[in-house]
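Analysis of the macromolecular model
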Amino acid sequence: MFPWCYSKPADSGGRRSSIAKLLIGVFVVYMLHTAWLLYGFLNTKPCDGGRREHCIISYLAARPRLQLSVFTCLVPDNSQLTLAVNIAPFDPHSTFDRQVNVSVPEETRANGTLYAVVYIHKAGVSPLEDSREVHHIAQLTTYISPTHTEGQRNTQKRSSPRSENPVSHWRPHLSVTLMSEDFTFSKVGLPSDVRRYMRVSQEGQQMLYLPLLLVNELNFRVRDLMEINSSTAQLPLTVTYEGLSLQRFRFWVHLQDVVYSLRQFGFTEENIDEIKETLMGSNLYLLVLTALITALQLICEFLALKNDISSWRKKKSMAGMSRKSVLWRSLGTLLIFLHLLEETSLLVLLPVGLGACVEVWKVFKVYKIPLQWKSSKLYVNKLDEDERKTVDYDAQASTYLFYLVYPLCISGAIFSLAYLRQNNYYSWLVNSLVTGVYAFGFLSMAPQLFINHKLKCVSHLQGAVLMYRGVNTLVSDLCSCACFFASSGSFSSSHQLSCFRDELLLFFYLYQRRRYAPKPRRRESGTQSKKVKTQ
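Report on the accompanying structure. (Residues numbered from 1 in each chain as written. Predicted model: local features only at pLDDT ≥ 70, side-chain atom pairs only at ≥ 80, totals over all residues. Heavy atoms only, no water.)

1. Describing the overall build of the protein chain
Worth spelling out the cut-off: Under the DSSP-based scheme used, a helix requires at least four consecutive residues in state H or I and a strand at least two consecutive residues in state E, with every element numbered from the N terminus. Relative accessible area decides the class of each residue, using a 1.4 Å probe on protein chains only: under 20% of the type maximum gives buried, over 50% gives exposed, and in between gives partly exposed. The contact criterion used throughout is that any non-hydrogen atoms of two residues lie within 4.5 Å. Per-residue and other accessible areas were derived by the Shrake-Rupley procedure at a 1.4 Å probe size, with only the shown protein chains allowed to occlude residues.
Scanning the protein chain from terminus to terminus reveals 15 helices and 15 strands. The burial tally for the protein chain puts 38% of its 535 residues in the buried class. Across the protein chain, the fraction of contacts at a sequence separation of at least 24, relative to all contacts at a separation of at least 6, is 76%. Within the structure as shown, the protein chain displays about 31,800 Å² of accessible surface, and the carbon and sulfur contribution to it stands at 58%.

2. Observations concerning helix α12 (residues 446-455)
An α-helical turn contains 3.6 residues, so any two residues separated by three or four positions project in the same direction. Of all the 10 residues making up α12, 7 are buried; the element is thus mostly covered by neighbouring parts of the structure. Pro 447, Gln 448, Leu 449, Phe 450, Ile 451, Asn 452 and Leu 455 are the residues of α12 that are buried. Among the residues trailing α12, Lys 456 stands out with phi positive, at a value near 55°.

3. A word on the pairing of strand β1 (residues 55-58)
A regular strand places its side chains so that they alternate between the two faces of the sheet. Using the following cut-off: Strands were regarded as paired on the criterion that DSSP finds at least two bridges between them.
Taken together, the 2 bridges between β1 and strand β10 (residues 185-186) define a ladder with antiparallel strand orientation. If you follow Ile 56 over to β10, its bridge partner there is Phe 185. Of the strand pairs in this sheet, β1 and strand β12 (residues 206-209) are connected by 3 bridges, and their pairing is parallel. Looking at the pairing, Ile 57 lines up with Leu 208 of β12.

4. Structural notes on the packing of aromatic side chains
Put simply, the test is: The criterion for an aromatic pair is that two Phe, Tyr or Trp rings (for Trp, the six-membered ring) have centres within 6.5 Å, with stacked assigned to planes under 30 degrees apart, edge-to-face to planes over 60 apart and tilted to the rest. A positively charged side chain is recorded as over a ring if its NZ (Lys) or CZ (Arg) lies within 6 Å of the ring centre. The angle to the ring normal must also be within 35 degrees.
Counted under the stated rule, the structure contains 10 aromatic pairs. With centroids separated by 5.2 Å and ring planes inclined at 70°, the aromatic side chains of Phe 185 and Tyr 209 adopt a geometry described as edge-to-face. Linking Phe 185 in strand β10 with Tyr 209 in strand β12, this pair joins segments that are 24 residues apart in sequence. Consider the rings of Trp 328 and Phe 402, whose centres lie 5.7 Å apart with planes at 40°: the pair is tilted. In this pair, Trp 328 is assigned in helix α7 (residues 323-340) and Phe 402 in helix α9 (residues 385-415), connecting sequence segments 74 residues apart. For Arg 171, the ring lying beneath its charged end belongs to Phe 220, and the centroid distance is 4.0 Å. Its guanidinium or amino end placed over the ring of Trp 312, Lys 315 lies 5.8 Å from that ring's centre, counting from NZ or CZ.

5. Some thoughts on the sheet that holds β10
Reading across from one edge, β10-β1-β12-β11 is the order of the 4 strands in this open sheet, with mixed pairing throughout. The open sheet has two free edges, formed respectively by β10 and β11 (200-203), since each of these has just one partner strand. Looking at chain direction, β11 and β12 are connected through 4 bridges and run antiparallel. Considered in β12, the bridge of Gln 202 is made with Met 207.

6. Looking at the sheet that holds strand β2 (residues 66-73)
Let me state the cut-off plainly: Lines fitted to C-alpha atoms define the axes here, with helix axes fitted over just the stretch in contact, and angles between the N-to-C directions of these axes take values from 0 to 180 degrees.
Ordered in space as β3-β2-β5-β6, the 4 strands form an open sheet in which the pairing is antiparallel. Taken across any chain shown, the strands that pair with only one partner, and hence form the sheet edges, are β3 (82-90) and β6 (134-139). Taken pair by pair, the neighbouring strands of this sheet meet at an average axis angle of 15°, ignoring direction. Sheet topology places β2 next to β3; 6 bridges connect them, and they run antiparallel.

Here you go:
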């Protein structure tokens, strides 16, 4: 009855495209690079002095008497320094925290800046007179809008946040770290991340590297900021110190570079805070595993998008395709894009926006509305017999589905009325719709499964796209379940259902794909030739 059901599927050729090969190659190179970085963190080769190898030994190996001094200044230089913290004697292998009150200059109170200069120098000697001092400059103030800090962690949000210019805020925490391990470096094999923080002092034939000082920016949080006004005379400052091994020192350096890159990509400070909390609460192996999983998900999503566009471009007949499923998926993607538009960086918005454009284009294709830029007339092509039968099955499946979706959506909107009291109608509407998409968006695949059952055919679907997205969703849900189990220690059935509901529909599709697989046709010419021979 449907001859197109027994034709060869478009994605069963078994031939990989050059883009897929290139992407898989990039993923393999990325994994090898990550493994090499991990090996470099854990196995930094020390200098043994053999074969005329030039070694650089630590200045801390001689156990000098040191002093830690923290100064404040308006300009990050050695002029007009004001002493804030003085710790002598200073033990690089110790761990401590010191809370002091810092005087705020009038220039800083007038929406100005203030810097901290951290010195490690000889005890009893001014840091300006010590030739072997090391210092690091950190900013104690940052410019941010008051709406980002006032009531940020409260459950209630403002209905109309005020738009003000960024003002100066105080950072009450200063985290100082020092590489306290007595490690001997090789001049030839010196790591690049260590070279940036290293100062070498020559002492006869021997080379000494001064202490590797670093101010840890990963402990900074936006929620801890304090607004500076004209009446602020003093502000509290907590100075913490921790001695690090070489592995941890290099680890923190790379993490701070990652945070800097995210800021350049357009991530907001609130999103960066969430990433910092994840980085600070994880070890090195877990972060590498997270990076590999993220790369795998990106590759699967890219391959799914590429195969989806290629398949829909070649599609001439829309027989067997659920128009309602395509339309719901398009509306859901657009709602998610609008929801993320005001609170997400461009790095996240670009793939979501590209996916929304593809879904809108598929709506025009499935409804047979040609896009003609030169002509202003809009017309719809006629449907053939198979396409009309598909539309009838689609309407029948949507009717059954509405009986389930309407009560769920109405009850969810009623429960979200509390959100309306704290926000405007537009935010409430978008939030309610997005919540419905996240909660019941998986049901949009149900009409397509119903059509497959009625037609006893799956050849009209792109199997590679569903498999790529299925793997992507499965990996995400497994990671979500693992994080939930690790954080709460229990695993409820409701969370189990919410995680694996998409996989349930995917398994239904795999069952249909196996059951309704196109049967190979017999070669009539071969049978006729056999009959001739027998005659």
